[in-house]
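# Residue-level structure breakdown
The residues making up each chain are set out below.
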Amino acid sequence: MPKLILSMDGLVLKEIPLDKERLTIGRKPNNDIQIDNLAISGQHAVVTTILNDAFLEDRNSTNGTYVNGQPIKKHVLQSNDVIELGKYRLRYIVDSAQPGLSPSELVDTQALEPIMATPEIDPDAARIGAAAGRSSQTQLLSPHLRDAALNTTIGGVAAKLGVVQILSGANSGRELELTKSLTTLGKPGKQVAVITRRPHGYFITHVEGATFPLVNGRALDAQAHRLSEHDIIDIAGVKMEFFLR
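The sections below set out a description of the structure shown in this document. Computed from a prediction, not measured in an experiment: that's the story for all the values here.

A word on the packing of aromatic side chains. On inspection of all chains with the given rule, the structure shows one aromatic pair. Relative to Phe242, the ring of Tyr202 has its centre 5.5 Å away and its plane inclined at 55°; by these criteria the two rings are tilted. Of this pair, Tyr202 sits in strand E19 (residues 201-208) while Phe242 sits in strand E24 (residues 238-244), and the two are 40 residues apart along the sequence.

Summed over all chains, the structure comprises eight salt bridges. Of the charged contacts in the structure, one is a salt bridge between Arg198 and Glu21, with a shortest N-O distance of 2.7 Å. With Arg198 in strand E18 (residues 191-198) and Glu21 in the loop between strand E2 (11-17) and strand E3 (22-26), the pair connects residues that are 177 residues apart, well separated along the chain. Note on Arg198: relative accessible area 16%, which makes it buried. Salt-bridge contacts for Glu57 lead to Lys74; the nearest nitrogen and oxygen are separated by 3.7 Å. Taken as a pair, Glu57 in strand E6 (residues 53-58) and Lys74 in strand E9 (residues 74-76) lie far apart in primary sequence, 17 residues in all.

Okay, the nonpolar core next. Membership of the largest hydrophobic core comes to 21 residues, with the highest contact counts inside it found for Leu4, Ile25, Ile35, Val47, Leu56, Ile83 and Leu90. At the level of secondary structure, the elements contributing two or more residues to this core comprise strand E1 (3-8), E3, strand E5 (45-50), E6, strand E10 (82-85) and strand E11 (88-93). For this core, the element with the highest residue contribution is E11, accounting for three residues. Among all residues touching Leu4, those that are not within four sequence positions of it are Lys14, Glu15, Ile16, Leu18, Ile33, Val47, Ile83, Leu90, Arg91 and Tyr92. If you look at the next biggest cluster of nonpolar residues, it comprises 19 residues, including Val164, Leu185, Leu227 and Ala236.

Quick look at the sheet that holds strand E7 (residues 65-67) now. Strand order in this open sheet of six strands is E2-E1-E11-E10-E7-E8, and the pairing throughout is antiparallel. Of all the strands in the sheet, just E2 and strand E8 (70-72) have a single pairing partner and so form its edges. With direction set aside, neighbouring strand axes in the sheet form an average angle of 30°. By the bridge criterion, two bridges tie E7 to E10 in an arrangement that is antiparallel. When the bridges of E10 are listed, Tyr66 appears paired with Glu84.

Rules of the game
- Residues numbered from 1 in each chain as written.
- Predicted model: local features only at pLDDT ≥ 70, side-chain atom pairs only at ≥ 80, totals over all residues.
- Heavy atoms only, no water.
- Phe/Tyr/Trp six-rings, centres within 6.5 Å; stacked < 30°, edge-to-face > 60°.
- Helix = DSSP H or I, 4+ residues; strand = E, 2+ residues; numbered from the N terminus.
- Salt bridge = Lys/Arg side-chain N within 4 Å of Asp/Glu carboxyl O.
- Buried < 20%, exposed > 50% of the residue type's maximum accessible area, 1.4 Å probe, protein only.
- Core = buried A, V, L, I, M, F, W, Y, C linked by side-chain atoms within 4.5 Å.
- Contact = heavy atoms within 4.5 Å.
- Pairing = 2+ DSSP bridges.
- Axes fitted to C-alpha atoms, helices over the stretch in contact; angles between N-to-C directions.

And the structure:
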């Protein structure tokens, strides 16, 4: 399980396991990690953790949030990153990767256009898509990655692969297969959400932006929402359909 180690002037003060999806940091007592120091804003930063992936976001703090000496607004944490808040340090540690999880795949809507504009077409995958009653003229994965995805098992039982199909904009009709443990979609600075592949299904969680993504016309809240077959997702103005293949 990932954790944060809080220290000041080289002295370790506390070890905090990241055992909840959203962990707040700030001077006010209602924070999960309270740092009672005037250099720390009342609501300074937040860490969103999904499986073994963690996102750090500065909450418009007065003195800023730094990672490894660099100011950040939004940052995907890597093991041994050092978060700097005034004189305090929070080291992010990942003990070990959970077995069976692939590395995270980070995709935003700015990247979707170039990725989807030059898809790799595979005849075998097209036949698989046709058999499922859906068009598969464009495929994003190379054949060996697609085969691995189709043969993935969860709990010893063959699992269906999650897919999102773009419904609006220039990329309408294109598909993105959710083969990784975590896929991030959206526009940084506007609206970002993550879709997580878990043993009991696919879940979507809001991680950035003043407005929350919509699922079937209803705004998400701060908690992870389990996706159902043919749910319609609206992220940063792009509509897409989730389904299982």
